[in-house]
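Chains, contacts and geometry: an overview
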Amino acid sequence: MEVTTIVAAIVSAVAAAVIFGVLGFVLGGLHRKKVAEKAIGSATEEAKRIISNALTTAETKKREAILEAKDEIHKERTEYEKEIKERRNEVQRQERRIIQKEESLDKKTEALEKKEDALQNKIRDAEARLEEVDALKRSQFDMLEKISGFTKEQAKDYLIKNLEGDLVHEKALKIMEIEQRTREEADNIAKEIITTAIQRCAADHAAEATVSVVDLPNDEMKGRIIGREGRNIRTLESITGVDLIIDDTPEAITVSSFDPVRREVARLTIEKLITDGRIHPSRIEEMFEKSKKEVDATIKATGERAAIEAGVNGINGELIKLLGRLKYRTSYGQNVLNHSLEVSYLAGLMAAELGADVKAAKRAGLLHDIGKALDHEIEGTHISLGVEYARKYKEKDEIVHAIEAHHGDVEAKTLVAVLVQAADAVSAARPGARRENIQNYIKRLEQLEEISTSFPGVDRSFAIQAGREVRIMVKPEAVSDDQMVVLARDISKKIEEELEYPGQIKVHIIRENRVFDYAK
């Protein structure tokens, strides 16, 4: 194809030269005709030479191309034959490997068949032996039944019964042994824990009295406190609900009341009157109100201080006030707030020894007698009141349960409840901590006041003179002078029916009308 292209190019060049020559000849005239003819001849020869060279070159290139193609074909054929040979060799190797695996598999199959035959023989032998054993066993059972006189089931029942009896006896002995050992160990550990807690907790054991002594600057102050015709002392006793004892004791008067709050308010009122110097009924009432507010503030501060001392946080404000009121509450002569703090300390120490929740134990110990701040005013036991108010002010169930169970009225189900029970018993059992007689005395006075206030028209009532007199304030608009006589008789009869007491009790009813006006 390249030769043809070259030839065509040459022919085109020759034709162009001829055309140019003819044109030159025509244009050049005759002179140029010879030159042109000569040039044409020369061009023709040149064209032939070029054509000859081109054909020679084309033939040479053609031969070279054919040789190159043959070389390429030979090379590719050689590579293909080599690849075919390699593949044929690989196939032969795979065939030999497969043949070897087939031979190995045949050998394994043959060995497996031999093993299976051997196993079947052994199974047949084992079955034959089992049949022999079963036959021997049946013959032995038959012989045993004939010798013992029991069937198989009867013998089994007999053995089981004997075995059960022996096992029950052994189990009972083992349980008793373990219980005894556990009880002894538990007693020793409990004694050690309680003893350690008692040793680490120091507390005041003195029982409280029911009187307070107010010091006077001089004996002349006694007359001013009594007042003209006794009006000041009557006003003091009527408002405060205490009994003032003014005797020959120099520069002192005694305030007597079973209720520590009343006694404290009365003591503060008298001290304020002595400091002020103006002692008359209206001033007495004013100082009484101030003292009452001071005692309320003291109650709150005391409750907060008790919670801090016990290391208990997050107690509701109302429960704090109830805690403070326990300062003025006694149980068998023992101060209830001090008792509660001691129970909190003891329960916390024992909880720490046992690895229990110390904070919960302290909290439950501090709040376990909270109901005693209310049982003077609200009907119910101090346990039920304590449970009610603890729930009301969102204490946890664990704390409420400890309050409910601390006297054993319900079963203690938590370790904290058991610790509070133990701490309460330890605190109450300390030598000198309680006096039985004073508690009975206080209960009798409380009942006397409850009976008196249960009648309609009664405003307040105070048991004084160690329970030998009850002073009753009536509402003047509800009870007339004539009705006072009937009311006194009715209260006396109810006291006679419901109370047991030595001697006699004076029922003293007071009806007072007051009228106020202001000069402007």
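All residue numbers refer to positions counted from 1 along the written sequence of the respective chain. Given that this is a predicted model, residues contribute local features only at a pLDDT of at least 70 and side-chain atom pairs are listed and counted only at 80 or more, while totals for whole chains, interfaces and linings are drawn from all residues. Processing note: side-chain calculations cover all non-hydrogen atoms of the structure and skip hydrogens and water entirely.

1. Some remarks on the overall build of the protein chain
Looking only at helices and strands, the protein chain features 15 helices and 8 strands. Should any heavy atoms of two residues lie within 4.5 Å, those residues are considered in contact. For the protein chain, restricting intrachain contacts to residue pairs at least 6 apart in sequence, the fraction spanning at least 24 positions comes to 63%. All accessible-area figures derive from a Shrake-Rupley calculation using a 1.4 Å probe, and residue coverage is judged against the displayed protein chains alone. Only carbon and sulfur atoms are counted for the fraction: they give 54% of the accessible area of the protein chain, which is about 33,900 Å². In DSSP terms, a helix is any run of H or I states spanning at least four residues, a strand is any run of E spanning at least two, and both are numbered starting from the N terminus.

2. Some remarks on the packing of helix α9 (residues 336-354) against helix α10 (residues 358-367)
Contact pair α9 / α10: the axes reach a minimum separation of 7 Å and the direction vectors enclose 160 degrees. As far as their axial angle goes, α10 and α9 are roughly antiparallel. Between α9 and α10 lies a crossing of right-handed hand. For the pair α9 and α10, contact is made by S340, L341, V343, S344, A347, G348, A351 and A352 and by V358, A361, K362, G365 and L366, respectively. Each residue is assigned to one of three groups, with Ala, Val, Leu, Ile, Met, Phe, Trp, Tyr, Cys and Pro labelled nonpolar, Asp, Glu, Lys and Arg labelled charged, and all others, Gly among them, labelled polar. The class makeup of the residues in the contact of α9 with α10 is 8 nonpolar, 4 polar and 1 charged. Here the axes come from fitting lines to C-alpha atoms, over the contacting stretch only for helices, and the angles between their N-to-C directions go from 0 to 180 degrees. The cut-offs work like this: below 35 degrees is roughly parallel, past 145 is roughly antiparallel, 65 to 115 is roughly perpendicular, and the gaps in between are oblique. For any helix crossing, the convention is left-handed if the near helix is rotated counterclockwise from the far helix by under a right angle, and right-handed if that rotation is clockwise.

3. Section: the sheet that holds strand β3 (residues 252-256)
Taken together, the 3 strands give an open sheet; going across it, the order is β1-β3-β2, and neighbouring strands pair in antiparallel fashion. The outermost strands of the open sheet, each flanked by one partner alone, are β1 (211-215) and β2 (243-245). Neighbour-to-neighbour, the strand axes of this sheet turn through a mean angle of 25 degrees, independent of strand direction. Here β1 pairs with β3 via 5 bridges, running antiparallel. Between any two strands, pairing holds if DSSP finds at least two bridges.

4. Regarding the sheet that holds strand β6 (residues 458-464)
Across the sheet, 3 strands lie side by side as β6-β7-β8; this open sheet has mixed pairing. Two strands bound the open sheet, and with one partner strand each, they are β6 and β8 (506-510). Strand-to-strand twist of the sheet, defined as the mean angle between neighbouring strand axes without regard to direction, takes the value 20 degrees. Where β6 and strand β7 (residues 469-474) come together, 6 bridges link them in antiparallel fashion. Across the sheet, V458 pairs through a bridge with V474, a residue of β7. In the packing of helix α5 (residues 231-240) onto the sheet, the strands contacted are β6, β7 and β8, and the crossing angle to β6 comes to about 110 degrees.

5. Things to note about helix α11 (residues 382-392)
Within α11, the full set of buried residues consists of H382, I383, L385, G386, V387, Y389 and A390. Taken together, the buried residues of α11 touch α8 (317-325) and α12 (397-405). A positive phi of about 65 degrees marks K394, the residue just after α11. The cut-offs for exposure are 20% and 50% of the maximum accessible area for each residue type, with area from a 1.4 Å probe on protein chains only; residues under the lower value are buried, those over the upper are exposed, and the others partly exposed.

6. Notes on the nonpolar core
Residues belong to a common nonpolar core when they are buried Ala, Val, Leu, Ile, Met, Phe, Trp, Tyr or Cys residues joined through side-chain atoms within 4.5 Å. In this structure, I315, L322, L323, L326, L366, L367 and I370 are the most contacted members of the largest nonpolar core, which totals 44 residues. Counting only elements with at least two residues in this core, the list comes to α7 (281-310), α8, α9, α10, α11, α12 and α13 (415-429). Per-element tally for this core: the top contributor is α9, with 8 residues. Not counting chain neighbours up to four residues away, the residues in contact with I315 comprise A307, I320, L323, R363, L366 and L367. If you look at the next biggest cluster of nonpolar residues, it comprises 24 residues, including V214, L216, M221 and I225.

7. Notes on the side chain of S452
Its place among the elements puts S452 in helix α14 (residues 436-453). On the accessibility criterion, S452 (0% relative accessible area) is buried. Polar contacts here mean pairs of N or O atoms no more than 3.5 Å apart (in protein, one a potential hydrogen donor and the other a potential acceptor; neighbouring residues in sequence count only if both atoms are side-chain atoms). A distance of 2.9 Å separates the side chain of S452 from the backbone oxygen of L448, its partner in a polar contact. Ignoring any residue separated from it by four or fewer positions in sequence, one finds S452 in contact with V458, S461, V470, I472 and I491.

8. Points about the packing of aromatic side chains
Each aromatic ring pair is summarised here by two numbers: the centre-to-centre distance and the angle between the ring planes. Ring geometry is summarised as follows: Phe, Tyr and Trp rings, the Trp one being its six-membered ring, pair when their centres sit within 6.5 Å, and such pairs are stacked at plane angles under 30 degrees, edge-to-face over 60 and tilted between the two. In the structure shown here, the tally under the stated rule is 1 aromatic pair. Seen from their ring centres, Y389 and Y393 are 6.1 Å apart, and the 45 degrees between their planes marks the pair as tilted. Residue classification places Y389 among the buried residues on the basis of a relative accessible area of 15%.

9. Here we look at the environment of V343
Take V343: it is sitting in helix α9. Considered as a pair, V343 and D369 are 26 residues apart in the sequence and their alpha carbons are 9.8 Å apart. Aside from chain neighbours lying at most four places away, what touches V343 is G365, H368, V420, A423, D424 and S427.

10. Some remarks on the pattern of salt bridges
Counted as salt bridges are all cases of a side-chain nitrogen of Lys or Arg within 4 Å of a carboxyl oxygen of Asp or Glu. Per the counting criterion, the structure on display carries 18 salt bridges. Between R63 and E59 there is a salt bridge, with the nearest N and O atoms lying 3.9 Å from each other. Taken together, the residues span about one helical turn, with R63 and E59 both in helix α2 (residues 30-148) at a distance of 4 residues. The exposure class of R63 is partly exposed, given its relative accessible area of 45%.

11. Some words on a negative patch on the surface
Grouping into patches uses exposed residues only, defined as over 30% relative accessible area, and leaves out salt-bridged ones; the cut-off is 9 Å for like charges and 5 Å for nonpolar side chains (Val, Leu, Ile, Met, Phe, Trp, Tyr). We score Asp and Glu as negative and Lys and Arg as positive, and we do not count His or the chain ends. Each charge is placed at NZ for Lys, CZ for Arg, CG for Asp and CD for Glu. On the surface, E102, E103, D106, E110, E113, E116 and D117 cluster together into a patch of negative charge. In this structure, E103 sits in helix α2.

12. Side note on the packing of helix α6 (residues 260-276) against α7
Remark: α6 packs on α7, axes separated minimally by 8 Å, with the N-to-C direction vectors making an angle of 125 degrees. Taken together, the axis directions place α6 and α7 in an arrangement best described as oblique. The interaxial crossing formed by α6 with α7 has right-handed handedness. In contact with V261, E264, V265, L268, T269, K272, L273 and D276 of α6, α7 contributes R283, I284, M287, F288, S291, K292, E294 and V295. Class assignment for the residues of the contact of α6 with α7 results in 8 nonpolar, 2 polar and 6 charged.

13. Here we look at α9
Its 19 residues place the ends of α9 26 Å apart at the C-alpha level, agreeing with the 27 Å of an ideal helix rising 1.5 Å per residue. Burial runs high along α9: 14 of the 19 residues are buried. Two residues or fewer past α9, G355 is found with a positive phi of approximately 75 degrees. Here, expected helix span is obtained from the residue count minus one, scaled by 1.5 Å.

14. Here's the deal with a nonpolar patch on the surface
Together, F150, Y158 and L159 give the surface a local cluster of nonpolar side chains, amounting to about 320 Å² of exposed area. Along the polypeptide, Y158 turns up in helix α3 (residues 152-200).

Just distances and angles here, no functional claims.
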